[in-house]
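Chain by chain, the residues:
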Amino acid sequence: MANHGCKFPIEIQPENHEQIVFAQKIANQIHPSIVIPSTQQLSTTALTLLVGFQGITLYSPYLKASIKVDFLNGIIGYRCRHSSNKELIARAVKLKNIKNPRVLDITAGLGKDGFILASLGYQVSMVEKSPIVHLLLEDGLTRANQIPELSEITCRIFNIYKDSIDYMHHMDKQDYPEIIYVDPMFPERSKSALVKKEMQLLQDLVGVDQNDPLLLEVALEYAQKRVVVKRPRLAPPIKGPSPGFTLQGKSIRFDIYLI
Ligand SMILES: C[S@@+](CC[C@H](N)C(=O)[O-])C[C@H]1O[C@@H](n2cnc3c(N)ncnc32)[C@H](O)[C@@H]1O
């Protein structure tokens, strides 16, 4: 049984009767301590997974904020419809003369970067260690898969629930990806209150990543061509070997390690 890994208690609230069985299945999958309350009232102390016909939303009573993975609307939907090979992330992963390179995203999170990469044509495997974050991502991908315009993208995505270090150590040689992508959790510096709250909620869920140097070290062992690390623009590189080159954006930077 997985550890849900969150410092707050978690509850699951089915929006109506039809969702009770599904909610129970999720609770059993994630952790025995997850409660399905008997009232329809939102908890004031627990993070709540709201399970409805329109998907799964995570709500925090502390932040009064919620997270739902939505690849059709909002920033991510816009970015996917307008993504181009000139974007910084596209330039960071671009390899010359290699057909259909595969990307292993070892810090999947809510799948934004992985989805953008898949929309650019890459085969993307996303690995996430938090069962709740994985659940939210799986829910977003399932809904995206039902939309023809997006199913062309989701068919290039594999969503994996596992610790990446363990995953990489168990890959078959023929599955070693050309590119490994890493975006560890970092204190959020966005000016947008909404983005700040979403990132704070994600951090409440998974904590700040302590394993960055190990993630980099193991990624360098298994990537065939390059490891791409996303950092806040002014943050130091991850402890370890120096990147081969960097690409600077307005608020973020990519450190690229060549194999
Ligand atoms: C900043 S978020 C990634 C955001 C993602 N790039 C996006 O676009 O939505 C970092 C994520 O990496 C996950 N993570 C950290 N270490 C991991 C590991 N060893 N294995 C799998 N996932 C890990 C965390 O749980 C968190 O969800």
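Residues numbered from 1 in each chain as written. Predicted model: local features only at pLDDT ≥ 70, side-chain atom pairs only at ≥ 80, totals over all residues. Heavy atoms only, no water.

Undergrad: Any chance you could explain the side chain of Ser-43 here in plain terms?
TA: Within the secondary structure layout, Ser-43 lies in the loop between helix H1 (20-30) and strand S2 (47-52). You can call Ser-43 buried: its relative accessible area is 12%. Within polar-contact distance, the side chain of Ser-43 engages the backbone nitrogen of Thr-45 at 3.0 Å. Separated by 2.8 Å, the side chain of Ser-43 and the backbone nitrogen of Ala-46 make a polar contact. Excluding anything up to four places from it in sequence, Ser-43 contacts Glu-11, Thr-48 and Pro-61. (Helix = DSSP H or I, 4+ residues; strand = E, 2+ residues; numbered from the N terminus. Buried < 20%, exposed > 50% of the residue type's maximum accessible area, 1.4 Å probe, protein only. Polar contact = N/O pair within 3.5 Å; in protein donor to acceptor, adjacent residues only side chain to side chain. Contact = heavy atoms within 4.5 Å.)

Undergrad: What is the right way to look at the site of the ligand in this model?
TA: Within the structure, the ligand sits among 21 residues, and Asp-113, Glu-128, Ser-164, Asp-183 and Asn-211 are positioned closest to it. Between the ligand and Lys-112 there is a distance of 3.3 Å, counted from an oxygen atom to a backbone nitrogen or oxygen. A distance of 2.6 Å is found between an oxygen atom of the ligand and a side-chain nitrogen or oxygen belonging to Glu-128. Mapped by element, the contributors of at least two residues to the shell around the ligand are helix H4 (112-119) and strand S6 (123-128). When grouped by side-chain class, the residues that make up the shell around the ligand number eight nonpolar, five polar and eight charged. (Near = heavy atom within 4 Å. Nonpolar A, V, L, I, M, F, W, Y, C, P; charged D, E, K, R; others polar.)

Undergrad: Explain the UniProt feature "binding site: S-adenosyl-L-methionine" (unreviewed entry) in the chain here, please?
TA: Taking the UniProt record as the reference, the feature "binding site: S-adenosyl-L-methionine" (unreviewed entry) is found at Asp-183. The residue Asp-183 is located in the loop between strand S8 (179-182) and helix H8 (193-206) in this model. Judged by relative accessible area, Asp-183 falls into the partly exposed class, the value being 26%. If we ignore the near neighbours within four places in the chain, the residues touching Asp-183 are Thr-107, Asp-113 and Lys-230. (UniProt positions renumbered as here; feature names shortened; annotations may be inferred.)

Undergrad: Just checking my understanding: could you explain the domain arrangement of the chain for this structure?
TA: Where interface size is given, it is often the accessible area lost as the parts come together that is meant. The assigned domain composition of the chain is domain 1 (10-62) and domain 2 (74-258). Just the C-alpha atoms count here: the centres of domain 1 and domain 2 sit 28 Å apart. In this assembly, eleven residues from domain 1 lie in contact with eight residues from domain 2. Of the roughly 910 Å² buried where domain 1 meets domain 2, counting both sides, 83% is carbon and sulfur surface. Applying the counting rule to domain 1 against domain 2 returns zero salt bridges. If you look at where domain 1 meets domain 2, you find two residue pairs in polar contact (both at pLDDT 80 or more). The dominant element in the side of domain 1 that touches domain 2, judged by the number of residues it contributes, is strand S3 (residues 55-60), at five residues. Partitioned by chemical class, the residues of the side of domain 1 that touches domain 2 number seven nonpolar, four polar and no charged. (Domains from an automatic or database assignment. Buried area = accessible area lost by both parts, 1.4 Å probe. Salt bridge = Lys/Arg side-chain N within 4 Å of Asp/Glu carboxyl O.)

Undergrad: Just to check I follow, could you spell out the packing of aromatic side chains for this structure?
TA: To describe a pair of aromatic rings, you give the distance between the ring centres and the angle between the ring planes. Going through the model one piece at a time under the given rule, you end up with four aromatic pairs. Judged by centre distance (6.3 Å) and plane angle (50 degrees), the ring pair of Tyr-181 and Phe-254 falls under tilted. With Tyr-181 in strand S8 and Phe-254 in strand S11 (residues 252-258), this residue pair connects regions lying 73 residues apart in the sequence. You can call Phe-254 buried: its relative accessible area is 2%. (Phe/Tyr/Trp six-rings, centres within 6.5 Å; stacked < 30°, edge-to-face > 60°.)

Undergrad: Mind showing me how you'd approach the pattern of salt bridges here?
TA: Side chains bearing opposite charge may pair, as long as their charged atoms lie close to each other. This structure, assessed with the given rule, holds eight salt bridges. One salt bridge in this structure joins Lys-112 and Glu-198, with 2.7 Å as the shortest N-O distance. On the criterion of sequence distance, the pair formed by Lys-112 in helix H4 and Glu-198 in helix H8 is long-range, its members being 86 residues apart. A salt bridge links Asp-212 to Arg-231; the nearest nitrogen and oxygen atoms lie 4.0 Å apart.

Undergrad: Help me out: how do you make sense of the environment of Tyr-167 in this one?
TA: With respect to the secondary-structure elements, Tyr-167 resides in helix H7 (residues 164-169). With relative accessibility at 22%, the residue Tyr-167 sits in the partly exposed group. Taking the C-alpha atoms as reference, Tyr-167 lies 27 Å from Glu-198; in sequence the two are 31 residues apart. Each residue touching Tyr-167, except ones within four places of it in the same chain, is listed here: Leu-104, Val-127, Ile-160 and Lys-162.

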